[in-house]
Amino acid sequence: MVPAGTAVGAQPTGAHAPGPTRGPKGLAGHRLGPVALVVTGGLSVQFGSALAVLLMPRAGALGVVTLRLVLAAAVLLIVCRPKVRGYGRADWGTIVAFGAAMAGMNVLFYQAADRIPLGAAVTLEVLGPLILSVVASRRLMNLFWAGLALGGVVLLSGGGFDRLDPVGAAFALAAGAMWATYIVFSARTGRRFPQADGLALAMAFAAVLSLPLGIAEGGDRLLVPSTIGLGLAVALMSSVLPYTLELLALRRLPAPTFAILMSLEPAIAATAGFLILSQALSLTDALAIALVIGASMGAVRTQVRAAARERAME
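Bear in mind the structure is a predicted one, so any value in this text is a computation, not a measurement.

K.L.:
Explain the nonpolar core to me, and be specific about the residues and the numbers.
P.N.:
Core analysis: the biggest nonpolar cluster contains 85 residues, and Met 102, Phe 109, Tyr 110, Leu 118, Tyr 182, Leu 199 and Met 203 have the highest contact counts within it. If one sorts the elements of this core by residue count, helix 4 (residues 89–113) sits on top with 12 residues. In this structure, Tyr 182 is in contact with Phe 98, Ala 101, Met 105, Tyr 243 and Glu 246, ignoring residues within four places of it in sequence.

Below, the structure written as structure tokens:
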């Protein structure tokens, strides 16, 4: 767990400190702020998830996970060409934990998305980052914003999740626990490995973990060229781009702020579900998601003001 109040953006030191800026960091790190990185990643991952739902009838939920992780790992390994020497046991332990969290998060989420609407699945999943924000935060306002977002989640349930498939809801909640774990180990990976090297290695481990599950469900359907093409689009939109942007953002954002900012994702998911999957929202659902958005905006404003006060005191 990232210590409360600790900026997860601290740069690596010692043997594993990054060298000169290269690749995506030079573009994203200087031209976009960390909040913009998270929002851009959220847009990409949720529209990619909507595309993945369309792919599930072809390959199955687990087959889609395998396509996403395997193809994303291939892209990242080719682009990043990460070094594998010079790291210690703790570094590789971080990679294993990060990759396992990534695989678990994806497997559980796609099982949920196969059973309940995308917006509801992500709204339940975001409970994981919300709990992380409450545990890690020392600021009273962050607790308030987390509580407001939690109220939106309760409103979405209508007082109980019986109107949703209970198995799908359970998968979404479990995915939220993995999402919180992903946030913690993404931050640790960003500190221990230069650029996106750690992400590439963790993605490869996640792909290996998911491979037996995907083959068991998808079989030779995973080898159909059109399915591979759609899987590559899902991999780029839902893994390569957003995970890279989030890793960069976690180097510059405190964990509590990042966790609450993740509350924007239900609104993005609901929009993607409506536009791509024709999953309409009720008025109550829209109000619930609006509460979650308001909590995210409040968290960002709190962080900006706190940073401004700290600069003024220097």
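K.L.:
Outline helix 12 (residues 265–277), supporting the account with residue identities and numerical values.
P.N.:
Turning to helix 12, its buried residues are Glu 265, Pro 266, Ala 267, Ile 268, Ala 269, Ala 270, Ala 272, Gly 273 and Leu 277. Immediately beyond the C-terminal end of helix 12, within one or two residues, lies Ser 278, with a positive phi of roughly 60 degrees.

K.L.:
So what's going on with the side chain of Thr 94? Residues and values would help.
P.N.:
Locating Thr 94 in the fold gives a position in helix 4. In contact with Thr 94, other than residues within four places in its own chain, are Phe 185, Arg 188, Thr 189 and Arg 192.

K.L.:
Tell me about the packing of aromatic side chains, and please be specific about residues and values.
P.N.:
Scanning the entire structure with this criterion turns up five aromatic pairs. Taken together, a centroid distance of 6.1 Å and an interplanar angle of 85 degrees make the contact between Tyr 87 and Trp 92 edge-to-face. Classification of Tyr 87 by relative accessible area gives buried; the value is 15%. Note on Trp 92 and Phe 193: the rings are 6.5 Å apart at their centroids and 70 degrees apart in plane angle, and the pair reads as edge-to-face. Of this pair, Trp 92 sits in helix 4 while Phe 193 sits in the loop between helix 8 (166–192) and helix 9 (197–218), and the two are 101 residues apart along the sequence. Note on Trp 92: relative accessible area 29%, which makes it partly exposed. Taken together through their ring pairs, the aromatic side chains of Tyr 87, Trp 92 and Phe 193 make up a single cluster. The lysine or arginine in question, Arg 188, covers the ring of Phe 185, its NZ or CZ lying 5.0 Å from the ring centre.

Each value, and the rule that gives it
- Residues numbered from 1 in each chain as written.
- Predicted model: local features only at pLDDT ≥ 70, side-chain atom pairs only at ≥ 80, totals over all residues.
- Heavy atoms only, no water.
- Core = buried A, V, L, I, M, F, W, Y, C linked by side-chain atoms within 4.5 Å.
- Buried < 20%, exposed > 50% of the residue type's maximum accessible area, 1.4 Å probe, protein only.
- Helix = DSSP H or I, 4+ residues; strand = E, 2+ residues; numbered from the N terminus.
- Contact = heavy atoms within 4.5 Å.
- Phe/Tyr/Trp six-rings, centres within 6.5 Å; stacked < 30°, edge-to-face > 60°.
- Lys NZ or Arg CZ within 6 Å of the ring centre and 35° of its normal.

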